[in-house]
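Coordinate analysis (summary)
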Amino acid sequence: MGDAFLEYKPKTLRRRPTFRRLLKTSGVKLENKLKNRQFKQQNADKKQRKDQKRMRQAMKGSTLQTPRPLETYRKRPEEEEQEEEFLESLPTDMMDEDDLQQMTTMARKASFITRDLSSCGPVHGGKKRSSDVVRSYEKVPRKIAKMQEKEVIHLLPIKDKSGVIPQSMEREKQPEPEEEDDDADKPDEEESEQREQLRNQKLNGKKHCIANLASAIISDPMNNMKCVKELRGMLMEADPSVAVSVRKMVMVSLMEIFKDIAPTYRIRPLTAEEKSVKVKKETKQLREFEEGLVSQYKFYLEDLEQTIKDWKQKKRKRSQAVGLQSYLSLAEVAVRCLSELLLALPHFNFHNNIVVILVPLMNDPTRKVSDMCCDAFKKLFQQDKGGVASLATVRVISGLVKSLNYNVRPEVLQTLLSLRIKEVEMKKDLEASAPKKRFMTNKEKKKNLSRMQRKWKKAEEKLEKELLEAEASESKEKKIKLHTETLNIVFLVYFRILKKAQKSILLPVVLEGLANFAHLINLEFFDDLLNVLQNLIQSGDLTNRECLHCIQTVFTILSGQGDALNIDPLNFYSQLYRILLRLHAGTPNYDIIIVLRCLDAMLTRRRKQVSLQRAMAFVKRLSVLSLHVLHNSSVGILAANRATMHSFPKCDFLLDNEIQGSGFYLPELNEPEHCNAQNTALWELHLLQRHYHPVVRRFAVHLSRGAPSEGTASLSVDLSRRSPLELFEDYSLKDMAFNPPVAPPGSKKKVRKSNTPCACLFNQ
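Everything quoted here is computed from the prediction, not taken from an experiment.

**So, the overall build of the chain**
- The secondary structure content of the chain amounts to 30 helices and two strands.
- By the burial criterion, 33% of the 764 residues in the chain qualify as buried.
- When contacts within the chain are restricted to residue pairs at least 6 apart in sequence, those whose partners lie at least 24 apart make up 70%.

Rendered as structure tokens:
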């Protein structure tokens, strides 16, 4: 017995399964249950299709085909003669004609189990009969319509001369909801709960792993560079249940890590000579860290780029861990990470590679991706003070627009308006920011220094002055060179669109950009540009805003470098005078901003080149416009009128009812020089004195008194010192708030009782 017990002992002893093995086994069981359920469902569907096929075969031919005569076969001559003799020998009174006809019809409708006698085909014509069967299948409906049961509802009867007529109505019965099988749903709910718990456990484990690796890298980046590689390996997560979430978390974590540990300088590769030279231990460690950081950063950017390519190409990986529907969400996270790195590390390596990846995505049909890229480049242009990153980006944008034959979204060119290229302001900033070295005076030198010290001090100060001048001139020249090259590329894109694609959707953005950078255009292009803009306005294909941008561009040029040109832009004055009556409160207020800018350049800055008739015509039409726009637009327009009246004091003729000269005012004429504006009055100011906005009322009273600078009708210092554009912005409704705030309603006063006789009688 002892020996037998020893023989069977190894079979009875088993190892206890681990917790991980139990989790794995439960997952396999769940997958097997799901596969069995799917297999049973497929078998049931297959059986149902077979039953429907048999039913269609049973319903063939008999209902659709018309009865045909029975088959006849040609007999031999001998048999025909014998049959005729037999028929002649029969008596004629055995069957009537009606019986004969009835028998014939019954024979035609005869049918047997194995053969359809109504068909005219031969007995063994199997192939022909099969083709007829196919035709009959085509005529049978694919699905058997279910006849819904109807219930009869008895209505109130109608009484007529003939008597009572009952009334009823049929209504389709609503199918009763089938009772849910709670017992069948319970296992599904349990399985889904187990699956969700298992997924949460895996996801929590991955989160802890990512957090531990990230904290280790940030605490000691030089010694834990291997953790970056390990964390980057989690971008290839293969578990389908948590693959998408894990990859998103790893992308964002690595982005924050690189933003934190990247140095503030560009890391260049070492030469062969530098590698061969022996260095200190600390220097060697720093070099290894920089080399590992650059390589891991490069691999990370390649992973992000590959994620975007997989989404664009809809390419499924072999592992199939991520579905096609999840590619978009992964690509959005990748684009967000690249945008953050573009802004946070413009000085670091591979910045131009990020620009090359993101610029084509500005024109992507997916609105969210396109907006993220456009916003990133707008912020990059605004924060770029050196101009290197802006130049690289503008080059790539220009290449993209040219390669797509100018079929790009307007938002792509809209980003160029954020470029910080203002020559005058940059010079002022450089002069203000340049360090001013204080040198000793001659009295201080004689008092505090000896002769030899004064000599050395003089030479030292001379050298310092030369160094400061060289450094400042070098930085200025470098910035001017970069900005000039950037502007040349921008104007090249604008001029190509004006020449080749005047009817494209990019024209409004191009005109806005020309108006924004018009003061930086070279004098060589002025004549050609003015002719192009004038032809565009006269074509009549432009909207109000596009025409206003053209006018703003022209007068920005003429008020800047083009001031020396002898050009009378009378046609552009007439175009603006004509457009003013098209504006109203229903149009966007942005048009009023352009109008205020144009008025400042056309009337205030060029007051020596403007006639009094033209100025009075604009004041009158602007007063008309102020009646049917929003209150902030009215404030800005009245402030522009005030500036015009100060520039042209004789405009006070419009405040008098007397006629100045011959003729009468022609308000519908679109020529400001010939509309006889001196023979009208600003009656609009009396209506504006009853405006709902207090500032509009104040301006109306101020202008009706001749816009005085002192006295009771003068404006406060706060209003008089601000420009029309500033007043427009201050009183706008963009924050959905009324400025000044509306006072709360006061308490209702009690009506006092009257002591008049009528009131006493009424009370009695």
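**A short note on the side chain of Gln575**
- Within the element layout of this structure, Gln575 appears in helix 22 (residues 570-579).
- In contact with Gln575, not counting residues within four places along its chain, are Ile537 and Ile551.

**Quick notes on a nonpolar patch on the surface**
- On the surface, Met222, Tyr265 and Leu286 cluster together into a nonpolar patch covering about 260 Å² of accessible area.
- Among the structural elements, Leu286 can be located in helix 10 (residues 281-313).

**Here we look at helix 13 (residues 367-383)**
- The end-to-end C-alpha separation of helix 13 is 24 Å, in line with the 24 Å expected for 17 residues at 1.5 Å each.
- All buried positions along helix 13 are accounted for by Val369, Ser370, Met372, Cys373, Cys374, Ala376, Phe377, Leu380 and Phe381.
- Those residues of helix 13 that are buried are in contact with helix 10, helix 11 (327-344), helix 12 (351-361), helix 14 (388-403) and helix 15 (410-414).

**As for the packing of helix 22 against helix 23 (residues 590-604)**
- Where helix 22 meets helix 23, the axes come as close as 12 Å, and the angle between the chain directions of the two elements is 140 degrees. In terms of their interaxial angle, helix 22 and helix 23 are classed as oblique. Note that helix 22 runs across helix 23; the crossing there is left-handed. In contact with Phe572, Tyr573 and Leu576 of helix 22, helix 23 contributes Cys598, Leu599, Met602 and Leu603.

**Concerning empty space enclosed by the protein**
- According to the stated counting rule, one finds one cavity of 30 Å³ or more in the structure shown.
- Elements represented by at least two residues in the lining of the largest cavity include exactly helix 14 and helix 18 (451-500).
- For the lining of the largest cavity, a count of residues per class yields three nonpolar, four polar and two charged.

**Quick notes on the confidence of the model for the chain**
- Averaged over all residues, the pLDDT of the chain equals 79, while 73% of them reach at least 70.
- Note that residues 1-12 has pLDDT below 50 and, in this model, zero contacts with residues that lie over four places away or in other chains.
- Contacts for the low-pLDDT stretch residues 756-764, under 50 throughout, to residues beyond four places or in other chains number two contacts.

**What about the environment of Ile158?**
- Residue position: Ile158 is located in strand 1 (residues 150-159).
- Among all residues touching Ile158, those that are not within four sequence positions of it are Gly163, Val164, Ile165 and Gln167.

**Some words on helix 20 (residues 526-539)**
- End to end, helix 20 covers 20 Å across 14 residues, agreeing with the expected 20 Å (1.5 Å per residue, within 8%).
- Looking only at helix 20, the buried set comprises Phe526, Leu529, Leu530, Leu533, Leu536 and Ile537. Axial view of helix 20: buried residues confined to an arc of 125 degrees, hence all on one face. Across helix 20 from its buried face, at more than 90 degrees, point the exposed residues Asp528 and Asn535.
- The positive-phi residue at the C-terminal boundary of helix 20 is Gly540, with phi of around 80 degrees.

**Some details on unusual backbone geometry**
- Geometrically, the link from Asn739 to Pro740 is a cis peptide bond, its omega value of 0 degrees lying close to zero.
- One non-glycine residue, Tyr406, lies in the positive phi region at around 65 degrees.
- With a relative accessible area of 8%, Tyr406 lands in the buried category.
- In this model, Asn676 sits at a positive phi of 55 degrees, which is unusual for a non-glycine residue.
- Position of Asn676 relative to the elements: it lies in the loop between helix 25 (631-647) and helix 26 (684-688).

**A few points about the environment of Gly387**
- With respect to the element layout, Gly387 can be found in the loop between helix 13 and helix 14.
- A C-alpha to C-alpha distance of 8.8 Å links Gly387 and Ile421, two positions 34 residues apart in sequence.
- Residue contacts for Gly387: discarding those within four places in its chain leaves Leu482 and His483.

Definitions and cut-offs
Residues numbered from 1 in each chain as written. Predicted model: local features only at pLDDT ≥ 70, side-chain atom pairs only at ≥ 80, totals over all residues. Heavy atoms only, no water. Helix = DSSP H or I, 4+ residues; strand = E, 2+ residues; numbered from the N terminus. Buried < 20%, exposed > 50% of the residue type's maximum accessible area, 1.4 Å probe, protein only. Contact = heavy atoms within 4.5 Å. Patch = residues over 30% accessible without salt bridge, like charges linked within 9 Å, V, L, I, M, F, W, Y side chains within 5 Å. Areas by Shrake-Rupley, 256 points an atom, 1.4 Å probe, with all protein chains shown as cover. Salt bridge = Lys/Arg side-chain N within 4 Å of Asp/Glu carboxyl O. Expected span 1.5 Å × (residues − 1). Axes fitted to C-alpha atoms, helices over the stretch in contact; angles between N-to-C directions. Parallel < 35°, antiparallel > 145°, perpendicular 65-115°, else oblique. Left-handed = near helix turned anticlockwise from the far one by under 90°. 1 Å grid on protein atoms, 1.4 Å probe; cavity = no way out; pocket = protein on both sides within 12 Å on 5 of 7 lines; lining within 4 Å. Points joined across faces, edges and corners; volume = space filled by probe spheres on them. Nonpolar A, V, L, I, M, F, W, Y, C, P; charged D, E, K, R; others polar. pLDDT = per-residue confidence, 0-100. Arc of directions from axis to C-beta.

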